[in-house]
Amino acid sequence: MLYPSIRDNISPNAVVAVLGKPETIIAFSEYLLFFDMSKLQPDIKEETYQKAISKIKNLKDKLTLDLICNTLYDMFENWNFCGFYILNDNELEISFYKSDKIPCSPINMGGVCGQSLNSRKIIIVPNVSKFHGHIECDPNSKSEITIPFLNYVLDIDSKELDDFDEIDKKYLKEIIEMI
Ligand code: SME
């Protein structure tokens, strides 16, 4: 394998020679950690939601849950699930969705979706492995947001940790209010 052999044979002195002093290297790596390229920067995220909303608005009377999932899922590369669960007999059954994998269904009310519907609150989970009751459908899901409305929950999973924030909350709420 090419990469391990290069990496294993590279000397610390060679790294310093290419990149400069150790303090520069440390500052640069801290900068890279801060500027996490795997997550959308806030302005790009806002712009993406605004584009999605304008597409959704154009659908007018043709607007369906299915089209909302499709439109959103196609615009956010980090997501691995976007779907609606519906309450049925104290369980949640999958309704429309777009996903890398077939989601689990039905799920009990103790997970993020169930807690969100019971409390009627939007829940943002920065790290699903730390959320008590979280139901894992896909091991690639790292963070999650749920938006309850009527007897539905819009559930979105991301492959990135801490991927959802107040921007997602604001725009997803706006989209749900259009239904
Ligand atoms: N994580 C959810 C289950 C649904 S999947 O994420 C698609 C929950 O805890 O309710």
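Residues numbered from 1 in each chain as written. Predicted model: local features only at pLDDT ≥ 70, side-chain atom pairs only at ≥ 80, totals over all residues. Heavy atoms only, no water.

**Side note on the sheet that holds strand 4 (residues 143-149)**
One open sheet accounts for five strands, arranged 2-1-5-4-3; its pairing is antiparallel. Each edge of the open sheet is held by one strand with a lone partner, namely strand 2 (91-99) and strand 3 (123-125). Taking the axes of each pair of neighbouring strands and ignoring which way they run, one obtains an average angle of 20° across the sheet. Bridge analysis of strand 1 (residues 79-88) against strand 2 gives seven bridges, and the strand direction is antiparallel. In the sheet register, Y85 faces strand 2, and the bridge partner there is I94. Each of strand 1, strand 2, strand 4 and strand 5 (152-158) touches helix 5 (residues 65-75); the most contacted strand, strand 1, lies at about 160° to it. Packing of helix 7 (residues 166-177) onto the sheet brings it into contact with strand 1, strand 3, strand 4 and strand 5, and relative to strand 4 it is tilted by some 35°. (Pairing = 2+ DSSP bridges. Helix = DSSP H or I, 4+ residues; strand = E, 2+ residues; numbered from the N terminus. Axes fitted to C-alpha atoms, helices over the stretch in contact; angles between N-to-C directions. Contact = heavy atoms within 4.5 Å.)

**So, empty space enclosed by the protein**
Considering all chains together, one arrives at one cavity of 30 Å³ or more under this definition. Looking at the largest cavity, its volume works out to about 190 Å³. Lining the largest cavity are 19 residues, with Y85, I135, C137, D155 and D157 positioned closest to its centre. Broken down by secondary-structure element, the contributors of at least two residues to the lining of the largest cavity are strand 1, helix 6 (112-119) and strand 5. (1 Å grid on protein atoms, 1.4 Å probe; cavity = no way out; pocket = protein on both sides within 12 Å on 5 of 7 lines; lining within 4 Å. Points joined across faces, edges and corners; volume = space filled by probe spheres on them.)

**So, the site of the ligand**
Neighbouring the ligand are the residues F81, Y85, I107, G111, V112, C113, H134, I135, C137, E144, D155 and D157. For the ligand, a nitrogen atom lies 2.8 Å from a polar atom in the backbone of I135. Surface burial for the ligand is 99%, taken as the share of its 310 Å² of free accessible area covered by protein chains. Judged by the proximity of its atoms to the pocket grid, the ligand belongs to the largest cavity. Contributing elements (two or more residues each) for the shell around the ligand: strand 1, helix 6 and strand 5. Residue composition of the shell around the ligand, by class: seven nonpolar, two polar and three charged. (Near = heavy atom within 4 Å. Polar contact = N/O pair within 3.5 Å; in protein donor to acceptor, adjacent residues only side chain to side chain. Areas by Shrake-Rupley, 256 points an atom, 1.4 Å probe, with all protein chains shown as cover. Sits in = over half its atoms within 2 Å of the grid points. Nonpolar A, V, L, I, M, F, W, Y, C, P; charged D, E, K, R; others polar.)

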